[in-house]
Structure formats: structure tokens, C-alpha cells
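So the chains spell out like this:
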Amino acid sequence: MSGVSENRVLAGSPSTGEAARGGLIADVPRRALILLGLFAALLLVAPATVGDYLLSVMILVLYYAYLGLAWNVMMGFAGQFSLGHALYIGLGGYTAGALFVHYGLPPWFGMVVGAAVAAVMGGVIGALGFRFGVKGVYFALLTIAFAEFTRILFDHWGWVGASSGLYLPVEYRDTDDLWLLRGSATMFYYVILAMTAGAFILCHWLLQRRVGYYWQAIREDQEAAQTLGIDVFRYKMIAVMLSAAMTAIGGVFYAFYYNNLYPETIFSMHRSIELMLGVIIGGIGTLFGPILGAIVLTTLGEMLTGLTEDLGLDGIKQMSYGVALLVIIVYRPGGLWPWLRRRLGLEKPR
Amino acid sequence: MTGDLAAATAPMLRVDGVGKSFRGLKAVQAVSFEVPRRGIVALIGPNGAGKTTTFNLIAGAMRPDTGRVFLEGRDITGLRPDRICHAGIGRTFQLVKPFGELSVEDNVIVGALRGTHDVGAARRQSAKILALLGLDDKAGLPAHSLTLPDRKRLEVARALATQPKLLLLDEVMAGLRPMEVDRMVATLRSLNEETGMTILLIEHVMRAVMALSHWVVVLNYGEKICEGTPGEVTSDPRVLECYLGDEAL
Amino acid sequence: MPIDFLLNILVAGLLTGLVYGLMALGLSAIFGVMKVVNFAHGDMMVVAMYATYTLYTAAGLEPVAALPLVAAGLFVFGFALQRGLVNRFINATEHMQFLLLLGVAMVITNGTLMVFGPDARNVQLDYAFDSYNVGPLIVDKVRVIAAGVAGGTALLLAAFFRFTVTGKAIRACADNFTGAQVVGLHVNHLYAVTFGIGAACVGVAGTLLLLITDVHPHLSTDYTLLGFIIVILGGLGSLGGALLGGVLVGLSEALSGALIAPSLKSMFSFGLLILVLLLRPQGLLGKQA
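What you see is a predicted model; the values in this text were computed from it and never measured. (Residues numbered from 1 in each chain as written. Chains lettered and ligands numbered in written order. Predicted model: local features only at pLDDT ≥ 70, side-chain atom pairs only at ≥ 80, totals over all residues. Heavy atoms only, no water.)

*Asks:* I tried to follow the overall build of chain B on my own but got confused; where do I start?
*Replies:* Scanning chain B from terminus to terminus reveals 10 helices and 10 strands. Projected onto the principal axes, the alpha-carbon positions of chain B cover approximately 50 × 50 × 35 Å. Taken across its 249 residues, chain B has 57% of its residues classed as buried. Partitioning the intrachain contacts of chain B with sequence separation of at least 6 by distance along the chain shows that 66% fall at a separation of at least 24. Across chain B, the mean location of the 30 positive side-chain charges is 5 Å away from that of the 29 negative side-chain charges. (Helix = DSSP H or I, 4+ residues; strand = E, 2+ residues; numbered from the N terminus. Buried < 20%, exposed > 50% of the residue type's maximum accessible area, 1.4 Å probe, protein only. Contact = heavy atoms within 4.5 Å. Lys, Arg positive; Asp, Glu negative; His and termini not counted. Charge placed at Lys NZ, Arg CZ, Asp CG, Glu CD.)

Here is the structure:
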């Protein structure tokens, strides 16, 4: 499909097919591909070499990397600040969890339903916010308000266990059941690895498409974007709904990995903050930033928790996250990845 | 069929008695003028004359209180800016609005994607436009690193990339050095002569207005006070008066 | 529903609402003058509450007596925070400022958690259960004190902004930043003073709230959100609006807590926040943008 509709003034001759169609690995320096390959290989063989504890940490890293990638679509790409993404984790987790508990439906089905529910919810919030011109921090507050509202609603909804929580039956078995997502940590590791890789590839692909260009234009200057023919409302809605759906799928993983859901924890604003911290520390709007940020933050938190275990210092992990956030905001507001990318010599050749 | 005929004979742009008030203050009042196909028309007037507001009314950034705007005979009054862009009007902003974090090339690609879904095709098209505006050697730089003259050029390049029938240029010469003004004038003139691009511009640099425009519309206090060829307008006493009055302030 | 019961609830809500209003006043003043949304507001509140608690348990100082100390301490803290950190971001994007103060908030909350632990603390006053009988009303003494001091502080603040040279200068900065610089006002200093005053309001409010309720570290988020609800309801930057918003939220919390279920009370607040954000983002008393 050449897509060049009318060949008016200055239109390029539609030399379809040949050259610069983009593609998944266009413009990526060879070095970067090699490093990426090594990184992927490392992740693939990891479960065979690491112990239980390290595996659980890696699952946590990948979980936050996945959520970060999802949040990044909305804030990093399209510039819409959400502080209520816990809402979508909760909706995804509860939808799939409740369908499994009450009707025995497999999580893969719950995933589809949960993602759809979250997308609709994101669509409602986005449509209201964008139509009524709620911008910036006010929009962030709107997303918080919806998340908190929903949290209290779930606290009182008996069908999902209300405030005493929803529990998924845990059975100890030797074999992994991928269909029902019951099994070993190794299985969960590969599931979340696949999800993260999928989200990464999806984001990379989207950035190469028209929608990616349009999102970034809207992020940089909405008025200029509209003047260039972009239906701003529509593209912001796509970002919000996609981001919500992706986040909800993360919530499904959470539900089946941890087997319990409490409104108090899953919908809490701390969740929303936690999932965006990695992105800000890694590099907002970048592809690898969310992954790097998740690695840095989770490692930092785990190390500090381990070191101070005997001291009984509640809050040291969160404290370190706060300090890390401050350091990044003050000294490297673009995040770690743009800096690391330069150090590794992975800049795009110009 | 009659519709097509009308479209073929109608002027590129017809502004018919548009008006806009802000809190009772009449920024633009019953302004009418036409821009013929392949024409270059300049909109001039002292500061606060309502030129940019008139642009905003044409480009859909604001909805006129009164009057209509027609593009090739088609009523485009009050359409959203993105619809107006699709209808065939490209505009620049007086206060430039580059997509700062994106590269110069990507800025233009965003414009070029107006006519195509294919990023590759948009990239090829933007390469041509960047060359035309003399920005090709800066294609890879982030837009926020450009100097003001280059940002002005980028504004024009981005608007051109949407393949407009009519280009609205809001003070693209302001802040340019005389040599750069000459270069921009030459670029716009060749664009007009070679591709038949219709241009409506707001300009304070009179040298550029005289060199470029076929027709000049003069606004003062939100009203059109006269129009004519550059020669006629500059010798019109009303025009002299409003500019002198402006100087006296 | 007996009318006496309802009246009692309304009065209690009104009195607590005044304290909320004072807290929100600080948030609103900071935003009104320097357009910075203080996301660490609730955390500063919790710090003030713990300071009061410590002064009471360690030095035997009554909350009302500790009040000037806590307010002064919070003023210094706010002043220093603005000077040292926030001022570097005064021209940064809105969300960068937001994230900066989020970082500050996380450090404060978890600092209090590390120092005081997660358990709820309170001050045991011998007049905690005293009350006044006014006709059919039974009004808690502590609530009356809290509301009285809060109202008095708000009046003082209004007088400060209206009559003192510094207060007028701060208002000038809020109205016209460039103009204030042109006429030679030391804007950075005034900003720091404003942040200090905003923090001091929170200090007073925190001390007073400890008369009525317990404190634990995780209250900070609740208070931050409560502050936002109140100022957005009243109109960010409007001081009268903050008080009005505080009273409205106090009333709605008391009513929904008593009539429906205590745990549902903040759902109404959030519902209200959504409606105000959508329908009247400038708030009830805010100026039309």
C-alpha cells in the first residue's frame, strides 16, 4: 500500500516497495542489535542458572518493566500524564481473577475481557478529560480520582470479596499448566518475559508508524499537531485505551502470580506511582528506559531490603525510590537510558 | 457537476465579512477579501490590527462570530484546525511551535503524513522539502536546537509537507537578517511560480511584502481599510496615516 | 432521622472542615503565588502531626502550646525546601515539578515510617472527652479549640496578605511575575516566604488535627488528596475558596460517614472531585480562566 493519496504539489513520486519502508530493525546500529541479542539470550537462559530468590526478583523486574512500557505509551509517547494506572491493573486482575474463581474460565480469556474492560474505562476517562479540556496535573488528578473511586467501590463489592480480598485457589502440582496459569515460578518467568518482549516489540513498531509520529507530535505541541491535520482527540484516545489495555494484562499476570487481590493494595495510588517511577528513572518516552528503570529500581530496593533486614526499617525501599527519583529529576531529568545509550555508543547514525 | 464547475472558477480563498469579539472588544470586524488561485496576497497593518486573529479564523483555531470562509467555493467556516488542514490549508505560527524533542526531519515527516500512511513515503517527501528550505544539513538535529531563522524555515517546511493548496504564513520573515529575508522571498516566489502554490501572508517586513505579493490587504483596528497592488497601497493616504499613527504611539 | 443527631453531625463536620480548610489554604497559597502544585502537602501535614506528638510525649508540651513551635519549624522547612530544591524547577514543566515534589513526599513519608513505625499514635489529653452543651447540641471541646484556632489563623493570614508590605509584595508576584521583578521585588525570597507560610499553615492544621484524630505515616497520601479535593473544589489559588472547600468536604464526610458507611465517605469526595474537574475546573470561587 503506497498510501500516497493525491499526488499534489511536492508529493514524493510514490516509489512503492523499494527502500526505506522502515521495518522493525531499521536505523538500529549493528552494535545495538548484538547487545540486544545478548541481553535476550541472557534472559532466556536465566532460570536454568539462578536460584529461587533471584528468579523471583527477575520476575518482579520484568513485571515492572512491562507495566512501565504500558504507562510509557500514554505519558512517554502521547504526553498524557496518568497517575491512576493502578486502576487498570486492578480491573485486569479482578476481571480475570473473578472469572477464574467463579466460572473457572482460563486467564487467557480473562485477559481479553480484562483488557477490554480497562480499555473502555480508559476511554471513558480519556473522553471526559479531553472533551472537557482537563489538562496536565488536573488530568493526573482526574485519573487518581477515578482509581480511588473504584478502589472504594471494590472495597464494598461482595462478588469480588470486598475488602477481605479475592483469593485464587492455589494447588501444588508438579507440572506447569500454561492454559490455567498454574505452576512453577519458571513458568511465570517465561510468561512475563514473553509479555515484556511483546510489549517492547509493539512499542517499537508503533513508534515507526504514523500513530507513533502523531503521538509524539501531540506530546510536543498539541496546537501545532492539530494544524498539521492530526485528529488530536482520536490519537490521544488510542494512546489511553491501548495503555489501559496493556496495563490490565499486567494485572492479570499479577492476579495469577500472587493469587490474591485486595482493593487496598492493587488500586492504591502507591501502585500507580511505583509503576511510573521506573520509566522516569530509566528515561521517559524511550523504548528501553522502562526496562532499565525496572532493573535499577528493583535491584536497589531488593538490595536495601536485604541489607537492612535485621534493622527492621520499614519504608527503606520506598525511601530509596524517593531519593532515586529526586536524584534523577535534579541531575538527569531525561533519565538514565539516553545517557547510557550514549556511553554504549548506540546513538542512531546521522 | 455544477459544484465542480463552481469549485474550478471560485477563488482559492474567499473571506466574507468575518468578525470576532473578545469580551466585547471587536478584534476583527466584517473583514472581506479574496485570494486568487496561484496568487500571493499580503495582509498588513499595525500591531493589534487583527491580522493574526483573521488567520486564526481562517485556519479554524477560532470560530468567527459572523461571516463565512470559503476554500475553492467550499464553506469551511468553523471547521476544526485538523479538518481545515485536510481541506487544503497549511499554516505557520508567528510564535514558532516546533516539536522540540523530535528531529527536524521528523517534524516535517509529521506534516507529510497528512497525505500518506506510509512513513517511508513521508520521509522521501520531507527530504525534498528540507532541501527546498535549505534545512537538509540539519535534518538530524533536534528541533529545539535550531536558531530562530531555522525554526521559521522549519515552520514553513512542516506546513508545506501537508501538501496544502493554500499556505498561510504568519510573519515568517520577522527576526530574519536581510540576507535571510531575501532567501526566504526567493524560496517562496519559486514555490509560487513553479508549483502554483497560493500564499496568504502576514508580514511586517515591507521589503518582503513589496518583493513578493501581487495584492495587499490592509487592516487597522480590526477593519479592512483598503486593498490594492503593493504600489497602490503604499501610496494610499489612509495607509500612511494608520502607520504614522502607530509610529506616533 | 432525629434532627438533633443530624445537627450534631453537621456541627462536628463544620468544625473539622475548618481545620481541613486551613491545611488546604497552604496548598492554595503556594499554587496561587508560584503555580507549583505541592504534592508533598499531606506529607508535611503528617510531619507536623508527629512533631506535635513528639513535643507532647517527650517534653510534655500541650498541642496548643506546641503550636507556635511546630508552625515555625514547618515555616523553616518550607522556606528551605523552596530555596534549595523547588526554586530550581520554578520554570520547569508542570509534570517535572509534580514529580520533584512526589520525590520529596516519598522521602518524607518513609522517613516518618522509619522513625515512628507504622502504628497509629495520638496524644492523650485530659480534656479529650469534654464537651459543651448548647441547647440540643453536644460539641466536643477539642473540636471547638481546633476550629477556633484554625479560623483565627486563616484570619491572620488574610490580614497578612492584605495589610503587610511583604503580604502585598507576595500578591504582586502572584498577579504579575515580570512586573514584580521590574519594580525590584526580590521574587525568589518572596516565593520562599510563601512556601514557608504554606508549610506553616499545614503545621498549624496538623497540630490541631492531632487533637481530633490519630496519626500514622500512610495518612500522608490521604491528606494530600484531601487537600487537592478541597482546593480544586474551592478554586486553586483562592484563599476563601480553600476554607469554603474545607468546610464542604468536612460536612460531606461527616454526613456520608454517619448516614451511609464510614468507609464510603471518601468515595463521595472523589466523586465530587471528578465532577468539579470536569464541570468547573476553576473551582467554586476561582476566577474564570
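*Asks:* Would you explain the overall build of chain C in this entry?
*Replies:* The number of helices and strands found in chain C is 11 helices and two strands. Of the regular secondary structure in chain C, the N- to C-terminal order runs α-α-α-α-β-β-α-α-α-α-α-α-α. The C-alpha radius of gyration of chain C comes to 19 Å, within 12% of the 19 Å expected for a compact globule of 289 residues. Along the first, second and third principal axes, the C-alpha atoms of chain C reach 60 × 45 × 35 Å. Looking at the 289 residues of chain C, the share that counts as buried comes to 54%. Computed over 12 positive and 12 negative side-chain charges, the separation of the two mean positions in chain C equals 16 Å. (Rg over C-alpha atoms; globule rule 2.2 N^0.38 Å.)

*Asks:* Just checking my understanding: could you explain empty space enclosed by the protein for this structure?
*Replies:* Where empty space is left in the structure can be found by rolling a water-sized probe over the atoms. All names here are of chain A. The final tally for this structure, using the stated rule, is seven cavities of 30 Å³ or more. Size it by volume and the largest cavity reaches roughly 80 Å³. In terms of lining residues, the largest cavity is bounded by Tyr-64, Glu-274, Gly-278, Ala-294, Leu-297, Thr-298 and Tyr-321. A per-element tally of the lining of the largest cavity places helix α12 (residues 289-307) first, with three residues. (1 Å grid on protein atoms, 1.4 Å probe; cavity = no way out; pocket = protein on both sides within 12 Å on 5 of 7 lines; lining within 4 Å. Points joined across faces, edges and corners; volume = space filled by probe spheres on them.)

*Asks:* I keep staring at the side chain of Asn38(C) and nothing clicks. Help me out?
*Replies:* Residue and element names in this part refer to chain C. Relative to the helices and strands, Asn-38 is located in the loop between α1 (3-34) and α2 (41-59). Polar contacts involving the side chain of Asn-38 include one to the main-chain amide nitrogen of Ala-40, which spans 3.0 Å. At 3.1 Å, the side chain of Asn-38 forms a polar contact with the side chain of His-41. (Polar contact = N/O pair within 3.5 Å; in protein donor to acceptor, adjacent residues only side chain to side chain.)

*Asks:* How do you make sense of the pairing of strand β1 (residues 13-22) of chain B when you look at a structure like this?
*Replies:* A regular strand places its side chains so that they alternate between the two faces of the sheet. Residues and elements named next belong to chain B. Two strands pair when backbone bridges link them, and β1 and strand β2 (residues 25-35) are joined in this way by seven bridges, in the antiparallel orientation. If you follow Ser-21 over to β2, its bridge partner there is Lys-26. Hairpin connection from β1 to β2: two residues lie between these consecutive antiparallel strands, with Arg-23 at a positive phi of about 50°. Two strands pair when backbone bridges link them, and β1 and strand β4 (residues 66-71) are joined in this way by five bridges, in the antiparallel orientation. What sits directly across from Val-15, in β4, is Val-69. (Pairing = 2+ DSSP bridges.)

*Asks:* Sorry if this is basic, but what is going on with the packing of helix α2 (residues 52-77) of chain A against helix α9 (residues 232-258) of chain A here?
*Replies:* Between two packed helices, the angle of one axis relative to the other and the distance separating the axes together describe the packing. All names here are of chain A. Closest axis-to-axis distance for the α2/α9 pair is 7 Å, and the angle between their directions is 160°. Considering the angle they form, α2 stands roughly antiparallel to α9. Read as a crossing pair, α2 and α9 show a hand that is left-handed. Two secondary-structure elements touch here, α2 through Ser-56, Ile-59, Leu-60, Tyr-63, Tyr-66, Leu-67, Ala-70, Trp-71, Val-73 and Met-74 and α9 through Ala-239, Val-240, Leu-242, Ser-243, Met-246, Thr-247, Ile-249, Gly-250, Phe-253, Tyr-254, Tyr-257 and Tyr-258. Each residue belonging to the contact of α2 with α9 can be placed in one class, and the counts come to 18 nonpolar, four polar and no charged. (Axes fitted to C-alpha atoms, helices over the stretch in contact; angles between N-to-C directions. Parallel < 35°, antiparallel > 145°, perpendicular 65-115°, else oblique. Left-handed = near helix turned anticlockwise from the far one by under 90°. Nonpolar A, V, L, I, M, F, W, Y, C, P; charged D, E, K, R; others polar.)

*Asks:* Sorry, what's going on with the pattern of salt bridges here?
*Replies:* Where charged atoms of side chains with opposite charge meet at close range, the side chains can pair. The full count for this structure, using the stated rule, is 21 salt bridges over all chains. Glu223(A) is the partner of Lys97(B) in a salt bridge, and the nearest nitrogen-oxygen pair spans 3.0 Å. Taken as a pair, Lys97(B) in the loop between β6 (89-91) and α4 (104-112) and Glu223(A) in helix α8 (residues 222-227) lie in two separate chains rather than in one. Accessibility expressed as a relative area gives 19% for Lys97(B), which makes it buried. The residue Glu105(B) makes a salt bridge to Arg123(B) at a minimum N-O spacing of 3.7 Å. With Glu105(B) in helix α4 and Arg123(B) in helix α5 (residues 119-132), this pair connects stretches of sequence that are 18 residues apart. Bridged by salt links that share partners, the residues Glu148(A), Arg151(A) and Glu264(A) form one connected network. (Salt bridge = Lys/Arg side-chain N within 4 Å of Asp/Glu carboxyl O.)

*Asks:* What's the story with the packing of helix α5 (residues 141-163) of chain C against helix α8 (residues 187-212) of chain C in this structure? I'm lost.
*Replies:* Residue and element names in this part refer to chain C. Running from amino to carboxyl end, α5 crosses α8 at an angle of 170°, the nearest separation of the two axes being 8 Å. Taken together, the axes of α5 and α8 lie roughly antiparallel to each other. Every residue of α8 that contacts α5 at Val-142, Arg-143, Ile-145, Ala-146, Val-149, Ala-150, Thr-153, Leu-157 and Phe-160 is listed here: Ile-197, Cys-201, Val-204, Leu-208, Leu-211 and Ile-212.

*Asks:* Hey, could you run me through the sheet that holds strand β9 (residues 215-220) of chain B in this one?
*Replies:* Pairing between the strands of a sheet comes from backbone hydrogen bonds, and it takes one of two forms, parallel or antiparallel. Residues and elements named next belong to chain B. What the six strands build is an open sheet, ordered β6-β7-β8-β3-β9-β10; its pairing is mixed. Pairing within the sheet leaves two strands with one partner each, and these edge strands are β6 and β10 (223-228). Put simply, the sheet's adjacent strands are angled 20° from each other on average, direction ignored. Relative to strand β8 (residues 198-202), strand β3 (residues 40-44) is paired through four bridges, and the arrangement is parallel. Its bridge partner lying in β8, Val-41 is registered against Leu-200.

*Asks:* Hey, could you run me through the side chain of Ser28(C) in this one?
*Replies:* Looking at where Ser28(C) falls in the secondary structure, it is placed in helix α1. Beyond its immediate sequence surroundings of up to four residues, Ser28(C) is in contact with Val231(C), Gly235(C), Leu236(C), Gly237(C), Ser238(C) and Ala242(C).

*Asks:* I tried to follow helix α7 (residues 178-195) of chain B on my own but got confused; where do I start?
*Replies:* Three- or four-residue spacings in an α-helix give side chains the same orientation, since the helix completes a turn every 3.6 residues. All names here are of chain B. The terminal C-alpha atoms of α7, which comprises 18 residues, lie 25 Å apart, in line with the 26 Å expected from a rise of 1.5 Å per residue. Restricting attention to buried positions, one finds in α7 the residues Glu-180, Val-181, Met-184, Val-185, Thr-187, Leu-188, Ser-190, Leu-191 and Asn-192. Contact partners of the buried residues in α7: β3, α5, α6 (148-161), β7 (166-170), β8 and α8 (206-212). Residue Gly-196 follows α7 closely and has a positive phi angle near 75°. (Expected span 1.5 Å × (residues − 1).)

*Asks:* What is the right way to look at the domain arrangement of chain B in this model?
*Replies:* Where the parts come together, the accessible area they lose is often given as the size of the interface. Residue and element names in this part refer to chain B. Entries for chain B in the domain assignment read domain 1 (9-58 + 66-75 + 168-249) and domain 2 (89-163). Here the C-alpha centroids of domain 1 and domain 2 sit 24 Å apart. Listed as interface residues are 19 residues of domain 1 and, on the opposing side, 14 residues of domain 2. Roughly 1,600 Å² is buried in total at the junction of domain 1 and domain 2, and carbon and sulfur atoms are behind 61% of that figure. (Domains from an automatic or database assignment. Buried area = accessible area lost by both parts, 1.4 Å probe.)

*Asks:* Help me understand the sheet that holds β2(B), please; the structure alone is not making it clear to me.
*Replies:* All names here are of chain B. If you walk across this open sheet you meet the four strands as β2-β1-β4-β5, and the pairing is antiparallel. Edge strands, defined here as strands with exactly one partner in the open sheet, are β2 and β5 (74-75). Sitting on the sheet, helix α2 (residues 51-59) touches β1, β2 and β4, and the angle it makes with β1 is about 115°.

*Asks:* For this particular structure, what's the right way to read the packing of aromatic side chains?
*Replies:* The relative placement of two aromatic rings is captured by the distance of their centres and the angle of their planes. Inspection of every chain in the model, using the stated rule, returns 32 aromatic pairs over all chains. On the numbers, 5.0 Å between centres and 80° between planes, the contact of Tyr214(A) with Tyr235(A) is edge-to-face. With Tyr214(A) in helix α7 (residues 210-220) and Tyr235(A) in helix α9, this pair connects stretches of sequence that are 21 residues apart. Here Tyr214(A) and Tyr235(A) have matching classes, each one buried. Aromatic pair Tyr257(A) and Tyr258(A): ring centres 4.8 Å apart, planes at 70°, arrangement edge-to-face. Each residue in the set Tyr63(A), Tyr64(A), Phe188(A), Phe253(A), Tyr254(A), Tyr257(A) and Tyr258(A) is aromatic and connected to the rest through ring pairs, giving one cluster. Sitting over the face of the ring of Phe93(B), Lys97(B) holds its NZ or CZ atom 5.2 Å from the ring centroid. Lying over the aromatic face of Phe31(C), Lys35(C) brings its terminal NZ or CZ to 5.5 Å of the ring centre. (Phe/Tyr/Trp six-rings, centres within 6.5 Å; stacked < 30°, edge-to-face > 60°. Lys NZ or Arg CZ within 6 Å of the ring centre and 35° of its normal.)

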